[in-house]
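# Structural overview
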Amino acid sequence: RPADRPEQRQGAPGTKLFHANSCHPGDVAHIYAFHHGGRWEPQFNLGWFAPPSMPSCMRIGIGFNLAAGGRDPDRDDGQERVLRYFERFQRSVARSWRTELVRWMASNGGFIQSGAQPASTSLQPEQAVEWIVGCRHPAETGWIFVGRWLFMERSDDAMILRDRSALARVVDDTFRTLYPLWLAAYTDAN
């Protein structure tokens, strides 16, 4: 498959971030789309939620599906691979992205999500980044996400969610900002 070539996963010119059929049903009142890199890699992820699972909201950012379960091929090797990617991500945040990620989260409605829990809105950005860096059992957590959240209950967010061009700009800005961090998960040599 062409999408499996490393130069395409790492954002080579002419590649599409989201391909047809990349949108999937999650739990009740949740749908999501992830880039073509796939299940066992860091994912640029979009997620839409509605009650009862969470308040009406959308997430935009980087996710790691670290759970072993599911029907995906290569479950054993795949889980080991995504755990290595997440460790690289943690090292990159700890070494060179900690301050920038905290600053970005504080000014852009950035939160983390772990497991099946909603966005961790009670954590300050510094606490959220420390949680990411200090997470020692990511496989037990299953899902770890960092990114921007837009909530319908917030008037500014609701205006963005109702305006397709504004939403497209927010998604583009979020992915553009987080791209170097996403890429570091692939290329961190240490």
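Residues numbered from 1 in each chain as written. Predicted model: local features only at pLDDT ≥ 70, side-chain atom pairs only at ≥ 80, totals over all residues. Heavy atoms only, no water.

## So, the overall build of the protein chain
Broken down by element type, the protein chain carries six helices and six strands. The order of α-helices and β-strands along the protein chain, N terminus first, is α-β-β-β-β-α-β-α-α-β-α-α. Within the protein chain, residue pairs in contact and separated by at least 24 positions form 61% of the contacts whose partners lie at least 6 positions apart. Total accessible area on the protein chain is roughly 10000 Å²; 51% of this is exposed by carbon and sulfur atoms. (Helix = DSSP H or I, 4+ residues; strand = E, 2+ residues; numbered from the N terminus. Contact = heavy atoms within 4.5 Å. Areas by Shrake-Rupley, 256 points an atom, 1.4 Å probe, with all protein chains shown as cover.)

## Considerations on the confidence of the model for the protein chain
Detailed reading of the predicted model is not advised wherever pLDDT is low. On average, residues of the protein chain score 83 in pLDDT, and 77% of them reach the 70 mark or higher. Scored below 50 in pLDDT, residues 1–16 shows 20 contacts in the model against residues more than four places distant or in partner chains. (pLDDT = per-residue confidence, 0-100.)

## Observations regarding the pattern of salt bridges
Taken as a whole, this structure holds four salt bridges when the rule is applied. Among the ionic pairs, Arg 176 bridges to Asp 172, the shortest N-O distance being 2.2 Å. Residue Arg 176 and its partner Asp 172 are both found in helix H6 (residues 164–187); the two are separated by four residues, about one turn of the helix. On the basis of relative accessibility, which here comes to 53%, the residue Arg 176 falls in the exposed class. Overall, Asp 172 belongs to the partly exposed group, its relative accessible area being 37%. In the salt-bridge network here, residues are joined through shared partners; they are Asp 172, Asp 173 and Arg 176. (Salt bridge = Lys/Arg side-chain N within 4 Å of Asp/Glu carboxyl O. Buried < 20%, exposed > 50% of the residue type's maximum accessible area, 1.4 Å probe, protein only.)

## Describing the packing of helix H2 (residues 75–108) against H6
Put simply, H2 and H6 touch, their axes get as near as 7 Å, and they point 145° apart. Crossing geometry of H2 relative to H6 is assigned as right-handed. Along its contact with H2, which presents Tyr 85, Arg 88, Phe 89, Ser 92, Val 93, Trp 97, Leu 101 and Trp 104, the element H6 presents Thr 174, Thr 177, Leu 178, Pro 180, Leu 181, Ala 184, Ala 185 and Tyr 186. For the contact of H2 with H6, the class distribution of residues is twelve nonpolar, three polar and one charged. (Axes fitted to C-alpha atoms, helices over the stretch in contact; angles between N-to-C directions. Left-handed = near helix turned anticlockwise from the far one by under 90°. Nonpolar A, V, L, I, M, F, W, Y, C, P; charged D, E, K, R; others polar.)

## Examining unusual backbone geometry
Residue Pro 52 is reached from Pro 51 by a cis peptide bond, and omega for that bond is 15°. Within the secondary structure layout, Pro 52 lies in the loop between strand E3 (43–49) and strand E4 (57–65).

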